[in-house]
Amino acid sequence: MQPSGQRTLVTGGAGFLGSHLCDALIRRGDDVLCVDNFHTGTRDNIAPLLGHPRFELLQHDITLPLDVEVDRIFNLACPASPVHYQHDPVRTTRTCVHGAMNMLALAERRGARILQASTSEVYGDPEVHPQPESYWGRVNPIGLRSCYNEGKRCAETLFFDYHRQYGLPIKVVRIFNTYGPRMYADDGRVVSNFIVQALRGDDVTLYGDGSQTRSFCYVDDLVGALLAAMETPAGFTGPVNVGNPAELSMRELAECVLRLSGSPSRIVHRPLPPDDPKVRRPDIDLARQALGWQPTVSLDEGLRKTIAYFRLLLNA
Ligand code: NAD
Ligand code: UDP
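The structure displayed is predicted, hence computed values, not measured ones.

A. How the structure looks around the site of ligand 1. What surrounds ligand 1 is a group of 29 residues, the closest being Gly12, Gly15, Phe16, Gly41 and Ala80. Elements with a contribution of two residues or more to the shell around ligand 1: helix H1 (16-27), helix H4 (89-110) and strand S5 (113-119). Residue contributions to the shell around ligand 1 peak at 3 residues, all from H1. Looking at the shell around ligand 1 residue by residue, the class counts come to 12 nonpolar, 15 polar and 2 charged.

Below is the structure:
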């Protein structure tokens, strides 16, 4: 692999998505600086990269200022699972908002391009379905999920104000539910929960009546979208939805995981968490057109790979 000569910063690089992104950037020849405070990320995620001559790890909290030489910044640092981001909500908002301000200030100082990992949560519990980028969302500003939803919305505002006020080249990407190897066994997200429960033979916990829907994107597809978004022409800012529009109910997901894992587990019902969105599916017309991107990994194929990962991890 020829070095690209480009130095790329990934905040949250030791997390689930960030570590896969670091892998891909190293593969394409970039010098990669991974910045992470290990709040939810782990050294295990980046273990294969430690010692690589073009990979550097800096343990740092992005709520504090940072000055490094970089050409590209992927701002992914933020806990993403509801269990994690609700554990210390004030810290979550601080990471979203102060973290964005620090990374934007760095990008401006260094003349770097910067991409924000935003989220489908900016649409809240949507009345428009599927969600196009033009939809402003329906978000509870004072609920348990607000630290994340409103934190991410404020980060988007900061990105666009830096763009308008200082001409900063920005890319805002709204990521829909993504799954794959290196999700954490205990972070409470539905795909990892169901797989771990199925492999252990434990009850599979379906919240509410299981009719709420999500649309799941395999991590390799998602990383392809982040790379493509960063390299779009300077005039393209987004926001752009990235995700897999194949939508299914949580009951269907539970049944699919049980079938693919060959598990004897039972499905049991638990209360629906407050403000849990009833439906979610990305409209990805803009991603198709502006990024030349669309997902290629089916749910069955992605779940098989993820189940294989957890089998090894759990020795199940
Ligand atoms: P993750 O929790 O696995 O990774 C987040 C990483 O950020 C971790 O390594 C954590 O240690 C680090 N981090 C958190 N706060 C930090 C801080 N203040 N300073 C430095 N590092 C910090 O989550 P993920 O699933 O990899 O998500 C990555 C990004 O993508 C997040 O910004 C999330 O909001 C966004 N996103 C993810 C999904 C998804 O389905 N995975 C969906 C929408 C948006
Ligand atoms: N969910 C579930 N059982 C679980 C974990 C989650 O039924 O063990 C549901 C949850 O209520 C939500 C969906 O699965 O409707 C997705 O939850 P997740 O936390 O993965 O992501 P988000 O709510 O942020 O989309």
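There is more to say after this.
B. Geometry of the site of ligand 2. Around ligand 2, a shell composed of 15 residues is seen, among which Arg189, Val190, Asn193, Thr205 and Tyr207 lie nearest. Breaking the shell around ligand 2 down by element, the ones donating at least two residues are helix H6 (190-200) and strand S8 (204-207). Of all the elements, S8 adds the most residues to the shell around ligand 2, at 3 residues. Partitioning the shell around ligand 2 into residue classes produces 7 nonpolar, 5 polar and 3 charged.

C. Geometry of the UniProt feature "domain: NAD-dependent epimerase/dehydratase" (unreviewed entry) in the protein. According to UniProt, the "domain: NAD-dependent epimerase/dehydratase" (unreviewed entry) feature falls on residues 9-243. With 37% helix and 19% strand, the stretch residues 9-243 has end C-alpha atoms that lie 23 Å from each other.

Each value, and the rule that gives it
Residues numbered from 1 in each chain as written. Chains lettered and ligands numbered in written order. Predicted model: local features only at pLDDT ≥ 70, side-chain atom pairs only at ≥ 80, totals over all residues. Near = placed C-beta within 6 Å. Helix = DSSP H or I, 4+ residues; strand = E, 2+ residues; numbered from the N terminus. Nonpolar A, V, L, I, M, F, W, Y, C, P; charged D, E, K, R; others polar. UniProt positions renumbered as here; feature names shortened; annotations may be inferred.

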